[in-house]
Protein chains: 2
Amino acid sequence: MDADAAPARRSETDSRIPRAAIDALISILADRFSLNRAERDQHGRGESYHPTIPPDAVCYPLSTDEVSQIVRICAAHRVAVIPFGAGTSLEGHVAALQGGLCIDLSRMTRIVAVHADDLDATIEAGVTRQQLNEYLRDTGLFFAVDPGGESTIGGMAATRASGTNAVRYGTMRDNVISITAVMPDGQVIRTASRARKSSAGYDLTRLLVGSEGTLGIITELTVRLYGIPEAISAAVCSYATVEDAVATVVGVIQCNIPIARIELLDARTIKAVNSYSTMGLKEGPTLFLEFHGSPTSTAEHLMLTQDIAQSNNVVQFDAAGTADDRSKLWRARHDVHYAIQSMRPNAKVWSTDVCVPISNLPQCIAETQADIDAASFFIATVGHVGDGNFHLGLVVDQSNPDEMAEAEILNERLMRRAIALDGTCTGEHGVGLGKIKFMELEHGPAVDVMRAVKAAIDPNGIMNPGKILAAKESR
Amino acid sequence: MDADAAPARRSETDSRIPRAAIDALISILADRFSLNRAERDQHGRGESYHPTIPPDAVCYPLSTDEVSQIVRICAAHRVAVIPFGAGTSLEGHVAALQGGLCIDLSRMTRIVAVHADDLDATIEAGVTRQQLNEYLRDTGLFFAVDPGGESTIGGMAATRASGTNAVRYGTMRDNVISITAVMPDGQVIRTASRARKSSAGYDLTRLLVGSEGTLGIITELTVRLYGIPEAISAAVCSYATVEDAVATVVGVIQCNIPIARIELLDARTIKAVNSYSTMGLKEGPTLFLEFHGSPTSTAEHLMLTQDIAQSNNVVQFDAAGTADDRSKLWRARHDVHYAIQSMRPNAKVWSTDVCVPISNLPQCIAETQADIDAASFFIATVGHVGDGNFHLGLVVDQSNPDEMAEAEILNERLMRRAIALDGTCTGEHGVGLGKIKFMELEHGPAVDVMRAVKAAIDPNGIMNPGKILAAKESR
């Protein structure tokens, strides 16, 4: 399936929401239902290169019960529903390929309960990680998953997001304990109790995490919290070559050092970060590191890591001193997407990601660097390399078909390379539209099982249609 | 559905495997296909109270490809297939409710690959955790999940097993990276690459973990390994009351001490253990503790835990000295099932388990202790209490209907209590036959979603029929 071709396929007639459905929705939602063109456009795109494909309408429910009522109406009228969080998607997840209704969950921002004793919190899907952590500030606890944007936690669960902390604290797969979801017939389910573990039946929590709105709409979640570590230390290591930086990462992971964050930024990215976030970093392939623990253990781990860095020809190793220094460092890291975007204002970042076993990371990055060096436009390499996960930010002029074609080839080469190295076509961005064509290559006949699950749970195909799985006949 | 009634339901005719299927199976398997009565009986039971319900035949494949051929034959003839590992099931998972073919995977014991650099290993489903850890001995790595029995790792994945290490290292949910499975039509799928994380589609790995053979047959797995900690220390704490012991556990978890193991054994269980494993433990409610880390951190954590124990009236706190002491301690812990069994030789252990949020553990255990004190037979309480998970071992005379009825009532009270406390009817044993009747109570309408998934993946219902989910009409 070709994402760019999708808008053309959509006719004016099959995208309409029937009048009766609109009336029913307005009777529930009043002015929280909108047909406004600008709002629709804003809800038809994420933050990456995918074209805007607006829904026919947008609505803003305030509760699980309202979402259930909305979905019942859409189910009765066979109207497609597309859940929407903060619009930070990178793979076209919110494109309304068949029109329909966008369900914007960003007003569902209640912190339902914090169970400090159980190290968990129950929240509505529209809560962002920033909001939750702000709320938790005085409890000594924090929510660990941290993708770049100001994403909603519901959206993070739907795309199985992760971020810089995943090497230590896991991804959304590991950090979601239970989900309340509205299923395609409007039925509300809760996938699990708050118990830390269970063997009671199929793991519907993990089935919904990463399902990108194609099986149900996540409206509430219980997530794990962690104690804020007693001591935190950070460091910045600069190298002459990407190979040396990656060799350090592999060494740290293989030595079992329980590092909390280990991020790679190539020289091009450092240049962008220096300019956008006014950092004075040495321009070269760089690792940002962080250690969590007691004062003794963080010092111990920092020292061990410095040894590994030195044996891999580190050029400069700076321990980040104060909490402010650290906070500036990680703010800059989280703003990388915007930093590289700013390098070429009329262009757009095509953000893609792969993940491979750590032992295959050096080869994957080395081969990719060769492609990047040959490219005709700016490409940033940045990644959560402790997991074997890295991103390319291809800063492309979308109005230039040659550049887009070049980007497409480079992206496809990266996907095939990662999959050949026993990796995945997306470590944390999700499939959306952009990675659909690599699903068969990565999963083989397992895609048929995914398709069977989708057909069973959403027989009418109203839930975020056209995402994750291509229709069988269009392969 | 009533487990005890199941054998009666099965008629002589609907349980037969057609001659053509038998011939086809023998042509592949030769003497690895058996109709022998003793072998069939041995494959129709686990280690708990459930009655033996033998399959019509047993076979012993040696490869994924053979399993695929076997399932294709069974699918063509609508013969039920029941996967079998080491027979350590506790909830009647292997009972052949509709007869059919038992596929015993215990001869698939190849260690396919150890990727020490990636901290993972790929193994066939019949490998036991003991075999894998023996194989890993010189690598400095270990596989962390440790249920009591000499279970196969395939069986552990199928029941989402855990054990004493789960509080630190997670359950099979967290420790399985990828699965090769034979699906109900004989198709072989691999659920994921070896990448540490992925957002590429539905999480079929987690869907198969805990599916108890009802969706597919796990034939190969890639599992996580951990570095053997530099330092290990252990302790035994004895209390006057179960309440004090549980309060210590809650304190340790809430103080965020990264304990590796924290096990509760009540006074009755200690008595059994002393006798079966010739330990000289003080008879009283007891915690077994273990700490993994560096010499400094384990000493630090042991001291913090001792403080918490003391503030909860610990009577005796003994640090287990040598590696031999520790190994004897954990051997005794793993043998608890056999120890309590030995307290009443003509009886059988009805082993049941629940898991609740840690803040609800004191109430759950206190109310359960009252039931135990009033029971007419021996009941042991033992559990992985750091997860909020505990087991009762009801040592019942199965030939005595009054005892069985009493056990049934006590078990049901425990299930309802755990579910009411936002917990689960099984933390790690699985549903099998024994917990089916609590699935609706725990999961509500989410059971319908599970049923839809089952029907989609196994439309002819040949995969371990009658487990996890009751047929809709029989509710």
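Residues numbered from 1 in each chain as written. Chains lettered and ligands numbered in written order. Predicted model: local features only at pLDDT ≥ 70, side-chain atom pairs only at ≥ 80, totals over all residues.

Trainee: Lay out the overall build of chain A in plain terms, naming residues and giving numbers.
Mentor: Counting its regular elements, chain A contains 18 helices and 18 strands. Burial status across chain A gives 58% buried among its 475 residues. Contacts in chain A between residues far apart in sequence, at least 24 positions, make up 72% of those at least 6 positions apart. (Helix = DSSP H or I, 4+ residues; strand = E, 2+ residues; numbered from the N terminus. Buried ≥ 20, exposed ≤ 12 C-beta atoms within 10 Å, placed from the backbone. Contact = placed C-beta atoms within 7 Å.)

Trainee: I'd like a description of the relation of the copies chain B and chain A, backed by residues and values.
Mentor: Each of the two chain copies can be generated from the other by rotation about an axis followed by a shift along it. When chain B is fitted to chain A, the best match, at an RMSD of 0.0 Å, comes from turning it 180 degrees and sliding it 0.0 Å along the axis. Taken together, the rotation and translation relating the two chain copies correspond to the operation of a two-fold axis. With an isologous cut-off of 70% or more, the 100% of interface residues of chain B that recur at the interface of chain A puts this contact in the isologous class. (Least-squares fit on C-alpha atoms with pLDDT ≥ 70 in both.)

Trainee: Residues and numbers for helix 16 (residues 401-420) of chain A, please.
Mentor: Residues and elements named next belong to chain A. In a regular helix each residue adds 1.5 Å, so 20 residues correspond to 28 Å; helix 16 covers 28 Å between its end C-alpha atoms and thus fits that length. Among all positions in helix 16, only Ala407, Leu410, Asn411, Leu414, Met415, Ala418 and Ile419 are buried. Each buried residue of helix 16 sits inside an arc of 165 degrees when the element is viewed along its axis, so together they form one side. Exposed and facing more than 90 degrees away from the buried side of helix 16 are Pro401, Asp402, Ala405 and Ile409. Residue Asp422 follows helix 16 closely and has a positive phi angle near 60 degrees. (Expected span 1.5 Å × (residues − 1). Arc of directions from axis to C-beta.)

Trainee: Give me the lowdown on the interface of chain B and chain A, citing residues and values where you can.
Mentor: Each partner contributes to the interface: chain B provides 72 residues, whereas chain A provides 72 residues. Those elements that place two or more of their residues in the side of chain B that touches chain A are helix 8 (172-175), strand 9 (188-190), helix 9 (204-208), helix 12 (295-311), helix 17 (439-443) and helix 18 (446-457) of chain B. For the side of chain B that touches chain A, the element with the highest residue contribution is helix 18 of chain B, accounting for eight residues. Grouping the amino acids of the side of chain B that touches chain A by side-chain chemistry returns 26 nonpolar, 29 polar and 17 charged. (Nonpolar A, V, L, I, M, F, W, Y, C, P; charged D, E, K, R; others polar.)

Trainee: If you had to explain the nonpolar core to someone new, which residues and values would you point to?
Mentor: Generally speaking, a soluble globular protein has its nonpolar side chains buried in company with each other. Membership of the largest hydrophobic core comes to 291 residues, with the highest contact counts inside it found for A:Ile103, A:Val249, B:Ile103 and B:Val249. Excluding residues that lie within four positions of it along the chain, B:Ile103 makes contacts with B:Cys59, B:Pro61, B:Val67, B:Ile70, B:Val81, B:Ile82, B:Pro83, B:Phe84 and B:Ile217. (Core = buried A, V, L, I, M, F, W, Y, C linked by C-beta atoms within 7 Å.)

Trainee: Any details on the environment of A:Ser178? Residues and values, ideally.
Mentor: All names here are of chain A. When you line up the elements, Ser178 lands in strand 8 (residues 176-182). Expressed as a C-alpha distance, the spacing of Ser178 and Val315, which sit 137 residues apart in the sequence, is 46 Å. If sequence neighbours within four positions are ignored, Ser178 has contacts with Arg190, Thr191, Ala192, Ser193, Arg194, Thr205, Leu221 and Thr222.

Trainee: Residue-level account of unusual backbone geometry, with values.
Mentor: Even without glycine at this site, A:Leu119 takes up a positive phi of about 55 degrees. Here A:Leu119 shows up in the loop between strand 5 (111-115) and strand 6 (120-124). Positive phi values are uncommon outside glycine, yet B:Asn256 reaches one of about 65 degrees. Here B:Asn256 shows up in the loop between helix 10 (242-254) and strand 13 (261-265). The exposure class assigned to B:Asn256 is partly exposed, which follows from the 16 C-beta atoms found within 10 Å.

Trainee: I'd love a proper account of the domain arrangement of chain A, names of residues and values included.
Mentor: All names here are of chain A. Assigned domains within chain A: domain 1 (3-107 + 456-469), domain 2 (111-227) and domain 3 (231-434). A straight line from the C-alpha centre of domain 1 to that of domain 2 covers 23 Å. Broken down by secondary-structure element, the contributors of at least two residues to the side of domain 1 that touches domain 2 are helix 4 (64-76) and strand 3 (81-84). The element that contributes the greatest number of residues to the side of domain 1 that touches domain 2 is helix 4, accounting for six residues. (Domains from an automatic or database assignment.)

Trainee: Tell me about the environment of A:Gly154, and name the residues and values.
Mentor: All names here are of chain A. Structurally, Gly154 is set in helix 6 (residues 153-158). When the 29 C-beta atoms within 10 Å are taken as the criterion, Gly154 is described as buried. Sequence spacing of Gly154 and Pro51 is 103 residues, and the spatial spacing of their C-alpha atoms is 23 Å.

Trainee: Describe the pairing of strand 13 of chain B, and please don't skip the residues or the numbers.
Mentor: All names here are of chain B. Counting buried positions along strand 13 gives five out of five residues, so the element sits mostly inside the fold. Here strand 13 shows two buried faces, one formed by Arg261, Glu263 and Leu265 and the other by Ile262 and Leu264. Bridge count between strand 13 and strand 14 (residues 286-293): five bridges; the pairing is antiparallel. Each residue of the ladder has a partner; that of Leu265, found in strand 14, is Thr286. The pairing of strand 13 with strand 17 (residues 379-383) spans two bridges and is antiparallel. From the neighbouring strand, Leu265 faces strand 17, where its bridge partner is Val382. (Pairing = 2+ DSSP bridges.)

Trainee: Could you give an account of the pairing of strand 3 (residues 81-84) of chain B, with specific residues and numbers?
Mentor: Consecutive side chains of a regular strand alternate in pointing toward one face of the sheet and then the other. Residues and elements named next belong to chain B. Going residue by residue along strand 3, you find Val81 and Pro83 tucked away on one face and Ile82 and Phe84 tucked away on the opposite face as well. Sheet topology note: the strand 3/strand 4 (residues 101-104) ladder contains four bridges and is parallel. Bridge pairing in strand 4 links Ile82 to Cys102.

Trainee: Can you break down the sheet that holds strand 16 (residues 348-355) of chain B residue by residue, with the values?
Mentor: The strands making up a sheet associate through backbone hydrogen bonding, with each pair oriented either parallel or antiparallel. Residue and element names in this part refer to chain B. Taken in spatial order, the seven strands of this open sheet run 15-12-14-13-17-18-16, and their pairing is antiparallel. The two strands at the open ends of the sheet, each matched to only one other strand, are strand 15 (316-320) and strand 16. For this sheet, the mean angle separating the axes of adjacent strands, direction not counted, is 15 degrees. In the packing of helix 13 (residues 323-334) onto the sheet, the strands contacted are strand 12 (231-238), strand 13, strand 14 and strand 15, and the crossing angle to strand 12 comes to about 60 degrees. (Axes fitted to C-alpha atoms, helices over the stretch in contact; angles between N-to-C directions.)

Trainee: Just give me the short version of the sheet that holds strand 2 (residues 57-59) of chain A, but keep the residues and values in it.
Mentor: Residues and elements named next belong to chain A. Reading across from one edge, 1-2-4-3 is the order of the four strands in this open sheet, with mixed pairing throughout. Only two strands of the sheet have a single neighbouring strand rather than two, namely strand 1 (33-34) and strand 3. With two bridges connecting them, strand 1 and strand 2 associate as antiparallel partners. By the bridge assignment for strand 2, Phe33 is matched with Cys59. Docked against the sheet, helix 4 engages strand 2, strand 3 and strand 4 (101-104), running at close to 170 degrees with respect to strand 4.

Trainee: Pulling in residues and values, what's your account of the environment of A:Glu442?
Mentor: Checked against the element boundaries, A:Glu442 lands in helix 17 (residues 439-443). Owing to 25 C-beta atoms within 10 Å, A:Glu442 belongs among the buried residues under this scheme. Sequence separation of A:Glu442 and A:Thr424 is 18 residues, and the distance between their C-alpha atoms is 6.7 Å. Apart from the residues lying within four places of it in its own chain, the contact partners of A:Glu442 are A:Ile419, A:Thr424, A:Cys425, B:Ser193 and B:Ala200.

Trainee: Go over the confidence of the model for chain A, please, and point to the residues and values.
Mentor: Residue and element names in this part refer to chain A. In the predicted model, chain A carries a mean pLDDT of 93, and the fraction of residues at 70 or more is 96%. Within the model, pLDDT remains below 50 along residues 1-15, and this stretch shows 22 contacts once partners closer than five positions in the same chain are excluded. Here the predicted complex carries an ipTM of 0.95, next to a pTM of 0.95. (pLDDT = per-residue confidence, 0-100.)

Trainee: Explain the packing of helix 10 of chain B against helix 12 of chain B to me, and be specific about the residues and the numbers.
Mentor: Residues and elements named next belong to chain B. In contact at an axis separation of 9 Å, helix 10 and helix 12 are set at 140 degrees when each is read in the N-to-C sense. The angle between helix 10 and helix 12 places the two elements in the oblique class. Considering the relative orientation of helix 10 and helix 12, their crossing is right-handed. Between helix 10 and helix 12, the contacting residues are Thr248, Gly251 and Val252 on the first element and Thr305, Ile308 and Ala309 on the second. (Parallel < 35°, antiparallel > 145°, perpendicular 65-115°, else oblique. Left-handed = near helix turned anticlockwise from the far one by under 90°.)

Trainee: I'd like to hear about the packing of helix 2 (residues 19-29) of chain A against helix 4 of chain A, residue by residue, with values.
Mentor: All names here are of chain A. The geometry of helix 2 relative to helix 4 is characterised by a closest axis approach of 10 Å and an angle of 170 degrees between their N-to-C directions. With respect to helix 4, the element helix 2 is oriented roughly antiparallel. Taken together, the residues of helix 4 that come into contact with helix 2 (itself represented by Ala21, Ala24, Leu25 and Ile28) are Glu66, Gln69, Ile70, Ile73 and Cys74.

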